[in-house]
Amino acid sequence: MDENEVTKKFFGLIPIEFGTAFLHFKHDGIVRQLIHNLKYRGKEEIGTVLGNIYASDLKNLITTHQVTEIIPVPLHSKRFKERGYNQVTTFCKALSENLNIPLNESLLVRNLYTETQTYKSKEARQYQSNLFDVNFSEKDKSKHFLLVDDVITTGSTLEKCARALLKIPNSKVSIVTIAFTLS
């Protein structure tokens with residue numbers, strides 16, 4: 001496993017094939033503005049632009065690890081109705097199109113509606129068990145899933161998502177995020 005800040009977040013917690021992030025998120029930086037515009041201000045085209053740019057950097061890594069499907073971290077249906085879209089969808093679609101890997105938005109589901117996780121500590125995030133689950137069939141077995149989110153802070157959400165995906169027999173999980181912040 002490659003040593004970087006993303007893979008270190010999950011070392012000893014869940015087995016991931018690789019983890020990587022495109023940008024570094026700082027509270028006073030331009031990446032924060034990009035993410036907030038994408039997530040809260042309906043600027044979905046930001047995800048497309050970032051995905052198109054990052055796909056070329058990911059190409060060798062994806063090919064080497066034989067990723068078979070891209071899975072966005074899902075929103076609860078109530079949050080989706082509030083926001084009107086999932087902020088990582090356009091990023092995932094751009095990766096899917098550029099890397100020629102199918103996007104699957106229905107495999108991983110969010111069971112519980114929660115308050116925003118943005119300002120919660122890792123400890124506060126840990127108490128939400130069974131937050132995610134998978135609706136899988138025989139065709140989903142033995143796949144390598146690329147789990148995608150916007151920002152990784154504590155890693156708690158991605159850990160729960162990966163645990164759900166790893167319920168699928170012989171599955172592998174890798175993680176990609178738009179941005180990474182030190183927490």
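Residues numbered from 1 in each chain as written. Predicted model: local features only at pLDDT ≥ 70, side-chain atom pairs only at ≥ 80, totals over all residues. Heavy atoms only, no water.

A. A look at the packing of helix α3 (residues 45-65) against helix α5 (residues 89-99). It is the contact of α3 with α5, at a shortest axis distance of 8 Å, that shows an interaxial angle of 45°. In terms of orientation, α3 and α5 fall into the oblique class. Like other packed secondary-structure pairs, α3 and α5 cross with a definite hand, here right-handed. Taking contact as the criterion, the partners of G47, T48, L50, G51, N52, Y54, A55, L58, K59 and I62 in α3 are, on α5, T90, F91, A94, L95, N98 and L99. For the contact of α3 with α5, the per-class residue count stands at 9 nonpolar, 6 polar and 1 charged. (Axes fitted to C-alpha atoms, helices over the stretch in contact; angles between N-to-C directions. Helix = DSSP H or I, 4+ residues; strand = E, 2+ residues; numbered from the N terminus. Parallel < 35°, antiparallel > 145°, perpendicular 65-115°, else oblique. Left-handed = near helix turned anticlockwise from the far one by under 90°. Contact = heavy atoms within 4.5 Å. Nonpolar A, V, L, I, M, F, W, Y, C, P; charged D, E, K, R; others polar.)

B. The sheet that holds strand β2 (residues 69-72), seen in detail. Pairing within the open sheet is parallel, and its 4 strands lie in the order β1-β6-β5-β2. Each edge of the open sheet carries a strand with a single partner, namely β1 (19-24) and β2. Taking each pair of neighbouring strands and ignoring which way they run, the sheet shows an average axis angle of 20°. As paired elements, β2 and strand β5 (residues 144-152) share 4 bridges and run parallel to each other. Looking at β5, one finds that I70 is bridged to L146. (Pairing = 2+ DSSP bridges.)

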